[in-house]
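Chain by chain, the residues:
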Amino acid sequence: MSAATGFSPKRSPRPEYPPATFAIKSFLVSTTRGTFITAVLTVLIAPYFYSTVSFLGAAGLSERVIFTLLASAAHTVVYVLVNLLFFELLCTKLGWFRKYRLARKQYQVPSASLMNQTLSEASIGQLAISPFLLYLSFPLLEQLGVPACDSELPSVAVLWWQFGVAHLFNDVFFYWSHRIVHVTAIYPLIHKKHHTYTGTIGMAAEYAHPIEQLLANTFPTVGGVLLFGRHPLVLVMWLGQRLQQTYESHSGYCFYGSWVHGIGLTNSHSTAWHDYHHTGNQGNFGAAWLDWLCGTMDHFCELGMAEGYIEHCRRQASKSG
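Residues numbered from 1 in each chain as written. Predicted model: local features only at pLDDT ≥ 70, side-chain atom pairs only at ≥ 80, totals over all residues. Heavy atoms only, no water.

Novice: Lay out helix 2 (residues 63-93) in plain terms, naming residues and giving numbers.
Specialist: Along helix 2, the largest kink reaches about 35° and is centred on Phe86. Looking at the residues trailing helix 2, positive phi occurs at Gly95, about 85°. (Bend = angle between axes of the 7 residues up to and from the residue. Helix = DSSP H or I, 4+ residues; strand = E, 2+ residues; numbered from the N terminus.)

Written out as structure tokens, the structure is:
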């Protein structure tokens, strides 16, 4: 496994970074495009959400249990559909979209035992630990202003703004918490487990030490929703958007150059960005605009950004080892 390069990986001499327009565009696109789509989908899905809430309430379940079930189900459904069905079955087993798979050396292919351990930990986390923590924290969430599941949703414009806040919150807190666990003294104790995957896959996105899972994964993801007292459906939809993004970014499939990428419906740039973080383990700690702003993308710049990295993967895989 490649060694971690610490809190501030730098090249000497420093490579030339893209112009400021790169960071501005990255920030604006990431903060507005996906969040707008999610806001529209939230309104479209709302009738089915309310029907489900009504059905569960009529069955005698409390608001606390309904909230726990729906939030937990959102996580598990996205995990199964994106990771197990799409990437593992359709893409890896059946060979769909093979040309978009980032080339790997043999040592970067995860073993069956590691994948089984990952799936086992994911099952325990999603079916036991996460529901327990959601249920336990529900009274606090009510104090923070989270409304009842059957309460009225805000307008599309307000939803768009709320998802934008959640996205920005995640960008900032994930970047810094992730960068901190790369500090040389901390890395082997906490973050090294996640980097067991040098050639990462979608189902490994949440394969992490419990401290990292709580502080660097869970808090950045849900903090921008729950701390601001958002509607439970906002939490459900935000989890769907955020988890799909992180699973794709870890999947090893980069749809860069495809027509779907051309119309902005993939996370191709973040996939190449984060895949390099695993294979190279040198910078690229989070959102591209923050890595640009904080100067932690030297090695990726030197490779030629996304296009250069994809070509680098092809060259490396063609060599022995």
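After that view of the structure, there is still more to cover.
Novice: Residues and numbers for the packing of aromatic side chains, please.
Specialist: Scanning the model with the defined rule gives 23 aromatic pairs in all. When the centroid spacing of 5.8 Å and the interplanar angle of 40° are considered together, the rings of Phe86 and Phe97 count as tilted. On the criterion of sequence distance, the pair formed by Phe86 in helix 2 and Phe97 in the loop between helix 2 and helix 3 (112-143) is long-range, its members being 11 residues apart. A relative accessible area of 38% places Phe97 in the partly exposed class. (Phe/Tyr/Trp six-rings, centres within 6.5 Å; stacked < 30°, edge-to-face > 60°. Buried < 20%, exposed > 50% of the residue type's maximum accessible area, 1.4 Å probe, protein only.)

Novice: Could you give an account of the packing of helix 4 (residues 156-180) against helix 6 (residues 232-250), naming the residues involved and the relevant values?
Specialist: The geometry of helix 4 relative to helix 6 is characterised by a closest axis approach of 11 Å and an angle of 50° between their N-to-C directions. Taken together, the axes of helix 4 and helix 6 lie oblique to each other. Two packed elements cross with a definite hand, and for helix 4 against helix 6 that hand is right-handed. Between helix 4 and helix 6, the residues in contact are Leu159, Gln162, Phe163, Ala166, His167 and Asn170 and Val234, Met237, Trp238, Gln241 and Arg242, respectively. (Axes fitted to C-alpha atoms, helices over the stretch in contact; angles between N-to-C directions. Parallel < 35°, antiparallel > 145°, perpendicular 65-115°, else oblique. Left-handed = near helix turned anticlockwise from the far one by under 90°. Contact = heavy atoms within 4.5 Å.)

Novice: For the confidence of the model for the protein chain, give the residues involved together with the corresponding values.
Specialist: Averaged over every residue, the pLDDT of the protein chain is 94; residues scoring 70 or more account for 98%. For the protein chain, helix 11 (residues 305-318) is the element with the lowest average pLDDT, namely 86, and helix 4 is the one with the highest, namely 98. (pLDDT = per-residue confidence, 0-100.)

Novice: Break down unusual backbone geometry for me, citing the residues and quoting the values.
Specialist: Most peptide bonds are trans, and most residues other than glycine sit at a negative phi. Here the residue pair Ser12 and Pro13 is connected by a cis peptide bond, since its omega of 5° sits within 30 degrees of zero. Its location among the elements puts Pro13 in the segment before helix 1 (20-58). Phi at Asn281 takes a positive value of approximately 55°, unusual for a residue other than glycine. By the secondary structure assignment, Asn281 is in the loop between helix 8 (268-280) and helix 9 (288-294). Even without a glycine there, the phi angle at Met305 is positive, about 60°. Looking at where Met305 falls in the secondary structure, it is placed in helix 11.

Novice: Describe the layout of surface pockets, and please don't skip the residues or the numbers.
Specialist: In this structure, the second largest pocket encloses a volume near 230 Å³. Contributing to the lining of the second largest pocket are 17 residues, with Thr92, Arg101, Val109, Pro110 and Ile201 lying nearest its centre. No other element matches helix 2, which puts 4 residues into the lining of the second largest pocket. When the residues that make up the lining of the second largest pocket are grouped by side-chain class, the tally is 7 nonpolar, 6 polar and 4 charged. (1 Å grid on protein atoms, 1.4 Å probe; cavity = no way out; pocket = protein on both sides within 12 Å on 5 of 7 lines; lining within 4 Å. Points joined across faces, edges and corners; volume = space filled by probe spheres on them. Nonpolar A, V, L, I, M, F, W, Y, C, P; charged D, E, K, R; others polar.)

Novice: So, the environment of Leu227: which residues are in play, and what are the values?
Specialist: Take Leu227: it is sitting in the loop between helix 5 (210-226) and helix 6. Along the chain, Leu227 and Val146 lie 81 residues apart, while their C-alpha atoms are 8.5 Å from each other. The contacts of Leu227, once residues within four sequence positions are left out, are Leu144, Phe169, Phe219 and Val222.

Novice: For the state of the cysteines, give the residues involved together with the corresponding values.
Specialist: Under the criterion given, the structure shown has 0 disulfides. Cys294 takes part in no disulfide bond, and the closest cysteine sulfur to it belongs to Cys301, at a distance of 13 Å. We classify Cys294 as partly exposed; its relative accessible area is 22%. (Disulfide = S-S within 2.5 Å.)

Novice: Lay out the nonpolar core in plain terms, naming residues and giving numbers.
Specialist: Phe67 and Leu235 are the most contacted members of the largest nonpolar core, which has 47 residues in total. The set of elements that each furnish at least two residues to this core consists of helix 1, helix 2, helix 3, helix 4, helix 5 and helix 6. The dominant element in this core, judged by the number of residues it contributes, is helix 2, at 10 residues. Contact partners of Phe67, with chain neighbours within four places excluded, come to Leu134, Phe138, Leu141, Val146, Cys149, Leu226, Pro232 and Leu235. Within the second largest apolar cluster, 15 residues are counted, among which are Cys254, Trp273, Tyr276 and Ile310. (Core = buried A, V, L, I, M, F, W, Y, C linked by side-chain atoms within 4.5 Å.)

Novice: Report on the side chain of Asn170, specifying residues and quantitative values.
Specialist: If you trace the backbone, Asn170 turns up in helix 4. Of note is the side chain of Asn170, whose polar atom sits 3.4 Å from the side chain of Arg242. The residues contacting Asn170, other than those within four sequence positions of it, are Tyr175, Pro220, Thr221, Trp238 and Arg242. (Polar contact = N/O pair within 3.5 Å; in protein donor to acceptor, adjacent residues only side chain to side chain.)

Novice: So what's going on with helix 8? Residues and values would help.
Specialist: Compared with an ideal rise of 1.5 Å per residue, which puts 13 residues at 18 Å, helix 8 spans 18 Å between its outermost C-alpha atoms and is within 8% of the ideal. Within helix 8, 11 of the 13 residues are buried, which leaves it mostly tucked inside the rest of the structure. Among the residues of helix 8, those classed as buried are Ser268, Thr271, Ala272, Trp273, His274, Asp275, Tyr276, His277, His278, Thr279 and Gly280. Phi turns positive, to about 55°, at Asn281, one or two residues after helix 8. (Expected span 1.5 Å × (residues − 1).)

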